[in-house]
Amino acid sequence: MAMFSLALRGRAKPNPLLAWRVLHFRNFCSGRLGLSMSESDSSVPPVAGTKFLDSFKEEFEIGSRVISLETGEIARFANGAVVLGMEGTQVLSTVSAGKGDAVRDFLPLTVDYQEKQFAQGVIPNTFMRREGAPKERELLCGRLIDRPIRPLFPAGFYHEIQVMASVLCSDGKQDPDVLAANATSAALMLSDIPWGGPIGVVRLGRICGQFVVNPTMDELSLSDLNLVYACTRDKTLMIDVQAREISEKDLEAGLRLAHPEAVKYLEPQIRLAARAGKQKKEYKLSMVSEQIFEKVRNIAEAPIDAVFTDPSYGKFERGEALEKITQDVRSALEKECDEQSLKALPKVVDNVRKKVVRKRIISEGNRIDGRHLEEVRPIYCKAGRLPQLHGSALFNRGDTQVLCTVTLGAPQDAQRLDSLVGPPTKRFMLHYSFPPFCIDEVGKRTGLNRREVGHGTLAEKALVAVLPPEEDFPYTVRINSEVMASDGSTSMATVCGGSMALMDAGIPLREHVAGVSVGLVTDVDSETGEITDYRILTDILGLEDHLGDIDFKIAGTRNGVTAIQLDIKPAGIPLDIICECLEPARKGRLQILDHMEKEISVPRNQDDRNSPRLGSNLIFTLKFSNDAIRRFIGPLGALKRKIEEETGARISVGDGTITIGAKNQAVMEKVQDKVDFIVGREIEVGGIYKGIVTSIKEYGAFVEFNGGQQGLLHISELSHEPVSRVSDVVSVGQQISLMCIGQDVRGNIKLSRKAILRRSESEEKGVAEGSAPVTKEKPNIWASLENVSKGEHQKSTPEELPASKMKKIETNQSVSLQPAVVIRSAAECDEEEKSAGLSKTSKRAPKAKGTLNKDSKQKIAQSSNNKPDSSTLSSMLAESLSQMGGEKKIVSEDEGEANLDDQNKESDVQTPLKPEKLKLGTKVTAKIYQIRARGLVLDLGDGIRGMYRFEPNGEREFTIGDELRVKCSSFTSKGIPVMSLVDKE
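The model shown is predicted, which means the values in this text are computed figures rather than measured ones. (Residues numbered from 1 in each chain as written. Predicted model: local features only at pLDDT ≥ 70, side-chain atom pairs only at ≥ 80, totals over all residues. Heavy atoms only, no water.)

Draft legend 1. Broad picture of the overall build of the protein chain. Along the protein chain, the regular secondary structure elements total 23 helices and 37 strands. Residue burial in the protein chain is summarised as follows: out of 985 residues, 48% are buried. In the protein chain, once contacts between residues fewer than 6 apart in sequence are set aside, the share between residues at least 24 apart is 69%. Taken as a whole, the protein chain presents about 48,700 Å² of accessible surface, with 50% of it coming from carbon and sulfur. (Helix = DSSP H or I, 4+ residues; strand = E, 2+ residues; numbered from the N terminus. Buried < 20%, exposed > 50% of the residue type's maximum accessible area, 1.4 Å probe, protein only. Contact = heavy atoms within 4.5 Å. Areas by Shrake-Rupley, 256 points an atom, 1.4 Å probe, with all protein chains shown as cover.)

Encoded structure:
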C-alpha cells in the first residue's frame, strides 16, 4: 500500500478505479485484495452468444374471440407443452409420461391444475405468502380436464401420465378452465404418448334467450346457462351444465350448437402437431389374450349369469356370490398351474361380468335387480329427521341413503374464494362426504377428495338455482351431505335430500329439486366400432354404472334442468343418443318429486323451533352513516370484537349497514341494545332509551344515552315521590331507562325517569279488587304505555305519537295487549271540570296504584249526590277490564283534563274502528258488551272497550248485544275515551 501511495503522488486528482486496474489489482480475492496474475491489458472477455428458440404458433377465431396455440418457447423439456391464449389470459399445459413398463391394471392419469396469484399481479394473503394446498376450484378444473381426455387413451395403456396446467396470466374476463382443457389436448397431440385426440372444449351461455359462445365472466353473471361441452369430431365426450331451470328442448338446442363450435378447436391442433409434434412412441399395452379370456369365460359365465338373473340378491349378497365365483375359478386355474391366466384373472372376470350383464339388458331388457329400464327404485324420504338442527332430511332411493343437514349463518360466514375469476365470496355451500362405512369398507379419512368435491359441487349447482336472492334472504347456508349407504348415484340423492332439508329449515325455495342418474348400455360392431343397438337405463345401480357406458346425472325441477354432469367410458357417444336420454331422466325426476312433495311441499314455519330460523328474525340489518359505523367498530375493530365476545353474536359491517346474526332472540336484543347505546338512533319524544348517569347536580342529573347524546334528568322527573337529593335516587355510572319528554328553549333534551316508573309500578300492583279474569282476547290493539314490556327500548304513548307512529307501536310489540279504558258521561266530565277548575298551576299529588283505599291521597272530583262516586266507577271499570284480560291499572279521572284540546269537530267513523281514528266528537256504533250495576261496558270495535255510565233517572232497557250510537266526549291522559249517547245529547 505504501508503493501504491508513492506511485500516485504528484498526480492531480487521479482516478482511483483506473489506478486500481493499471496495477492489476482485483476487487476481491477470497475476501482480501490481491494482484491479478493471468490477465493481460489487451484481453477481451468472451461474450455470450444468442440462442434462438424455434416456436410455432397457430391462431384461429371462435365465438368472435381470437385464440392462439403456441409451443417451443416455454417448457421445452416436457413431453408436450402448449401455451393457449385468449385476449389477456394465457394458460400453459404440459404432459409427461412415466419411464419403464407398466405393472398395473389401470391408467394412473393425474391432472393438476393450478392458479397462482402472480397471474393477476397479487401476492398471496397467507402467512408464508405462498400458495398452499389445492383449492376446491383447482380440483374441479382438474376434473374438468381429466374427464374428456381419459377415455381416449388406448385400452391396456397403463403407463403413468401427468398433466400440469398453470395459469400464466389472467385479465379476469375469461375462465381459464376451458382454455386449460384445450391446451392439454394440444399438448397430448404434440407428445409421443398414444392418444386418440384431439378434442375441443367450448363454453356456452344464454342471455335473453340468445346463445353466447365463449362468454366472458360478466356475461356469465347475466346468463341462465353455463354449458361446458367437450367432443371429438363426431362424438360427445363430456357435458357439464349449470342452469336456471332450462327446458330439455332448449338444452338440446344448446348442445347441438356447442358441438360445431367445439370442433373448430380440432384443426389448429392438428396443424400444430404436424409442424412441431413428436413421433408417437410404441408403448407396451397390457392386453388379455383371447385364449385366456375364453378359458375363464367358459368356467365363470354360467354361475355369473345365474347370480345376475336372481333379482333377490342385494348389493352385498350379490358381491359375495360373485367373489365366490372368482375364487372357484382361481382354484381351477391353480390346479392347472396356469400362471398367465391367474395374473389376469380379476380383469378377465370383470370383463365376463360386463358381457353377461350387457347381453341381458340388450337382448332381454332385464336389469340386475329385475326392474324395467325406466323404473325408479322405491323411495323413502323424511324431513326434519334431526329436529334440533336448523334443517334436516333423510332420503332413500333403493339401498342408497343420504342424510342432509342445513346450517344457517350470518353474511360474514360466507366462504371467501381466492380465485382468479368469479365472485370473491360464496354464501351457499354444499359439502359432500363419502365415509368408508357406507360401502362396508375400512378406510382412512383424509383432506379434500376430488370425488367428494366434484359430487358436492354438482349438487350445489343443482340447488343454487332455486334459492331466494340475497336481498330477500341474507343468510349464509351450508348443507352437509353424509352418505349413509351407497348403491349408485349418491350425488343425485344429495340433491333430493338437500332440497328437502332446505324446505325443513324454512328457506323459501321456488321449487323442489330432484336428480336422477341415467345409464347407457350399447352393442358395438367389433369391426367398425359403430353402435348397432343400445338401451337407456333410468336410476342406475352402482354395478350398472361400473359395467355401463355412461353416467348421466341430471337434476332439476318440474320446470326444467338446473345441473348436468355426463361422464363417458368409451371413446365418445353420438350426440343424438345423449339428447335421447333427457326425456327418461325427466320422467324419473318427476316421479321422485312426487314423493318429496308428499313429505314436505312448502317451507316449514319455524316459529315453534328454538334454533335460528328465517321466521325468528335472527339476522337483522341496521342502516347508519359511515361515521356512526366507525364509532361502533372502534379502534382496529376492538369494540365490535368485544361485543361479539360478550354476546356470542356475529356482526358484519358493510357500506352503511350493520348486520347482526344471533343464535336466539335474547342475544339479538342484547346486541341491539349495545348498538343503540354506541351508535344511537333518531331521538323521538316519547321514546324510551337506556343511558348512563355521567354527573349529578343539585337540580338533576346529566345522562349520556343514544350513542353519546347528553340529556338532563331534572329532579322533578326522578320519581313520583318527593326527592330531596338527586344522589338518593341515582348515582354516577348507573344505567337507567329514561323517556324523552321534549326539549327546552335552548334545544337541550329533557328526560324523565318517573314516566318509566309509572308503567312498571302499575304492573306490579295488580288489578282492582273484585275483578274476575276471563279468557283473554287478542284483537288488534291500541298499545298504551302500561302494556309495553320492560325489554323494549323505544315506545311511545298514544297521546304523544301521531297516527303514523301508532301502527309502528302495534307491529313492534311482542305480546297482544288490551287498552286501559275509563268511560264517563259528558255530564260527569262537566262536573269534574268545574270541581277541578281546570287549574294547570296546581301540583298533582302522586297517583295511587292498584286497589283504591279510603286513605288515598289521590285528587278525585266529587260528583253530585245523585251520581255514583268516581271510586265506585273506577272499581267497576277495573273489574270489567280484568274480565277482558286488559289493563289492570286504575287511573285518576282528573288526568283526563290534560288531554282536552280544541278538537271539537265531529266525525263519523265506520267500523272497524282503528285507535288512531278515535278523536273527540267521533261517532261510532257500539255494541253492549256487559251490563253493570251503574253503567255499560261497550265494544267500540277492533278490540276497543268502553263504558257508558247510566244517567240519573234514565229509564231504558238494555240487552247484551244491542247496538248504541255513541260519541267520544273526552280523553284521559292515558288516551282513555269517554263516551256518551248521541240520542241523549
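Back to the write-up after that little detour.
Draft legend 2. Focus on the packing of aromatic side chains. Scanning the model with the defined rule gives six aromatic pairs in all. Centre to centre, the rings of Y689 and F705 are 5.5 Å apart; their planes meet at 55°, and the pair counts as tilted. Residue Y689 is located in strand β27 (residues 688-697), and its partner F705 is located in strand β28 (residues 700-705); the two are separated by 16 residues in the primary sequence. Pair check on accessibility: Y689 and F705 agree, each one buried. A cation over a ring is seen here: R451 above F434, with NZ or CZ 4.3 Å from the ring centre. (Phe/Tyr/Trp six-rings, centres within 6.5 Å; stacked < 30°, edge-to-face > 60°. Lys NZ or Arg CZ within 6 Å of the ring centre and 35° of its normal.)

Draft legend 3. Spatial organisation of the side chain of N79. With respect to the helices and strands, N79 occurs in the loop between β4 (65-71) and β5 (80-86). Looking at N79, its side chain comes within polar contact range of the side chain of D192, at 2.8 Å. Sequence-distant contacts of N79, that is, excluding residues within four places in its chain, are made with V95, S96, A97, L190, S191, D192, I193, K278 and Y283. (Polar contact = N/O pair within 3.5 Å; in protein donor to acceptor, adjacent residues only side chain to side chain.)

Draft legend 4. Here's a closer look at the nonpolar core. Counting 134 residues, the largest nonpolar core has L502, I507 and F552 as its most contacted members. When residues no more than four places from it in sequence are discounted, the contact partners of L502 are V406, F428, L463, L467, V477, I479, I507 and L509. Counting 29 residues, the second largest nonpolar core, distinct from the first, contains V307, V349, L373 and I540. (Core = buried A, V, L, I, M, F, W, Y, C linked by side-chain atoms within 4.5 Å.)

Draft legend 5. How the structure looks around the pairing of strand β23 (residues 561-568). For β23, the tally of buried residues reaches seven of eight residues, placing the bulk of the element in the interior. Relative to β23, strand β12 (residues 236-246) runs antiparallel, the two sharing six bridges. Note that in β23 the partner of V241 across the bridge is I564. Pairing between strand β22 (residues 550-556) and β23: seven bridges, direction antiparallel. (Pairing = 2+ DSSP bridges.)

Draft legend 6. Up close: the sheet that holds strand β31 (residues 749-752). Pairing in this closed barrel of five strands is mixed, and the strands run β27-β28-β29-β31-β30 around the ring. Here the average twist between neighbouring strands, direction ignored, is 55°. By the bridge criterion, five bridges tie β27 to strand β30 (residues 735-743) in an arrangement that is antiparallel. Along β30, the bridge assignment pairs Y689 with L738. (Axes fitted to C-alpha atoms, helices over the stretch in contact; angles between N-to-C directions.)

Draft legend 7. Seen up close, the pairing of strand β11 (residues 225-231). Within β11, six of the seven residues are buried, which leaves the element mostly enclosed by the surrounding structure. Strand direction decides the pairing type here: strand β9 (residues 200-207) and β11, joined by six bridges, are antiparallel. Of the residues in β11, the one forming a bridge with R203 is V228. Relative to β12, β11 runs antiparallel, the two being bridged by seven bridges.

Draft legend 8. Spotlight on helix α4 (residues 176-190). The terminal C-alpha atoms of α4 lie 21 Å apart, and with 15 residues this matches the ideal 21 Å at 1.5 Å per residue to within 8%. Most of α4 sits out of view: 15 of its 15 residues are buried. (Expected span 1.5 Å × (residues − 1).)

Draft legend 9. The arrangement of the sheet that holds β4 in detail. Taken in spatial order, the six strands of this open sheet run β3-β4-β5-β6-β8-β7, and their pairing is mixed. Lying at the two open borders of the sheet, with one neighbouring strand each, are β3 (56-62) and β7 (109-114). Each strand of the sheet is rotated relative to its neighbour by a mean of 15°, with strand direction disregarded. Of the strand pairs in this sheet, β3 and β4 are connected by seven bridges, and their pairing is antiparallel. Residue pairing in the sheet places F56 in a bridge with T71 of β4. Those strands touched by helix α3 (residues 136-149) are β7 and β8 (161-169), and its axis lies near 140° from that of β7.

Draft legend 10. Looking closely at the confidence of the model for the protein chain. Within the protein chain, residue pLDDT values average 78, and 75% of them lie at 70 or more. Contacts of residues 607-617 to residues separated by more than four positions or lying in other chains number 33 contacts, the stretch itself having pLDDT below 50. (pLDDT = per-residue confidence, 0-100.)

Draft legend 11. Focus on unusual backbone geometry. That bond from G197 to P198 is cis: its omega, 5°, falls within 30 degrees of zero. Following the sequence through the fold, P198 ends up in the loop between α4 and β9. One non-glycine residue, E245, lies in the positive phi region at around 55°. Structurally, E245 is set in strand β12. For L636, which is not glycine, the phi torsion reads 55° and is therefore positive. Considering the arrangement of structural elements, one finds L636 in the loop between α17 (626-633) and α18 (638-647). Relative accessible area serves as the criterion here: at 81%, L636 is assigned to the exposed category.

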